[in-house]
Amino acid sequence: MDFHSFSKINRFKDIVFTLMRYGFGDVISRLDLPDKILPVPIKKQWATEKNTWERIRLVLTDLGPTFVKFGQIMSLRADLIPHELVLELSKLQDEVEPESFESIKDQIERSLEKPLGDVFADFEPQPLAAASLAQVHRAVLKKDKTVVAVKVQRPGIRRTIKSDLEILATLARQAHERLETLKVYDLPLLVEELRRLLTRELDFTLEGKNIRLARANFAEDRDIVLPAVFTEESSSRVLVMELVRGTKLRMALDLPLERKKHLAQIGLRALMQQILVDGFFHADPHPGNIYVLEDGRVSFLDWGMVGRVTPDMQARVIALIEGIVDRDSEVIMELILSLSEENKVKNKEELQRDILDVLDEFYAVPLSEINISQ
């Protein structure tokens, strides 16, 4: 997309203005922006006492759902971005201002093509939660009086995201070409991945299918519970599920140590099953999407973003774990290369020595002394 032919010039100005307001005028000055997009001379800077990472979070927050979602996805990539930035972006997972009940009611009735009262015997106007793409309301089905959670897509969000993704793609391409320090992140590829993820996440029909599949996969696990999906009352913009009553994992910090250990064991087992057995996993497992029930069970919510692992990839990951346990640097090296997009190296011997250095750093070290996330 060409800046000069971009029709939504006002939104572009908002983005540029926000970046400058939080002290990123130096970034703007390196991009090929026409004068008509700049709200003020580029020399003007807004003073700020906040650090770089906090300012990045504030920029994303001010710019709305598309950018918030981008930040949420990046907050899960501790392997790619600095730890300080991960901590800031994780704050984007908090709730946002909800839509009015009138607009939500209209969205439901247009999407289901029925009056609200024909589907629900009761519907609470105040949402249980409000996120960047949708909000959730408690309701009671009219047909059988089941208490449900109704996830409703924010009105107009698809149009907003489509427009913002076009702008974000343009900015990412410009930044990738002109800012050498950002090339390592391959921003255009990240934006394209964001586009793919959001396109799927905005289709609640797909999320309903994901929940049903995950529910079947965990059917024999007494510690994991997933909500039933009511397909007849759902659509691509409205998802009706069994209401899960519990506490968000992020609010469970004060639990007794033994209870925390038990939750950690459940989470690890669930992760291993999803990746190494089912080949189908929850791709957005931040603490706001994991609920702890009063009886000790755990529920994973928000299945709009999922991933898949092929049987071949599963076999290679298992072999890699075995190689690490056996301290076999040659096997590890070959498997790492087979799992990597860039699988050609000039000096395999040097790579193997680097792998041995990493193994030596963690081998025979007590687990309590190892920083797992690092």
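Residues numbered from 1 in each chain as written. Predicted model: local features only at pLDDT ≥ 70, side-chain atom pairs only at ≥ 80, totals over all residues. Heavy atoms only, no water.

Student: Whenever I open this one, the pattern of salt bridges confuses me. Can you help?
Tutor: In a structure, side chains of opposite charge can pair up when their charged atoms sit close to one another. On inspection of all chains with the given rule, the structure shows 25 salt bridges. A salt bridge links Lys91 to Glu88; its shortest N-O distance comes to 3.1 Å. Here Lys91 falls in the partly exposed class, since its relative accessible area comes to 42%. For Glu88, a relative accessible area of 10% translates into the label buried. When the shortest N-O distance is used, the salt bridge between Lys261 and Glu258 registers 3.8 Å. Here the residue Lys261 and the residue Glu258 both occupy positions in helix 11 (residues 257-278), the gap between them amounting to three residues, near one helical turn. (Salt bridge = Lys/Arg side-chain N within 4 Å of Asp/Glu carboxyl O. Buried < 20%, exposed > 50% of the residue type's maximum accessible area, 1.4 Å probe, protein only. Helix = DSSP H or I, 4+ residues; strand = E, 2+ residues; numbered from the N terminus.)

Student: How should I be thinking about the nonpolar core in this particular structure?
Tutor: Most often, soluble globular proteins keep nonpolar side chains buried together rather than apart. Counting 42 residues, the largest nonpolar core has Ile15, Leu89, Ile161 and Leu194 as the members making the most contacts within it. Every element with two or more residues in this core is listed here: helix 1 (9-21), helix 3 (52-63), helix 4 (65-75), helix 5 (83-89), helix 8 (157-178) and helix 9 (187-201). Per element, the largest residue contribution to this core is nine residues, and it comes from helix 8. Setting aside residues up to four positions removed in sequence, Ile161 forms contacts with Thr66, Leu133, Leu198 and Leu202. Counting residues in hydrophobic clusters, the runner-up holds 20 residues, among them Phe218, Ile224, Val229 and Phe300. (Core = buried A, V, L, I, M, F, W, Y, C linked by side-chain atoms within 4.5 Å. Contact = heavy atoms within 4.5 Å.)

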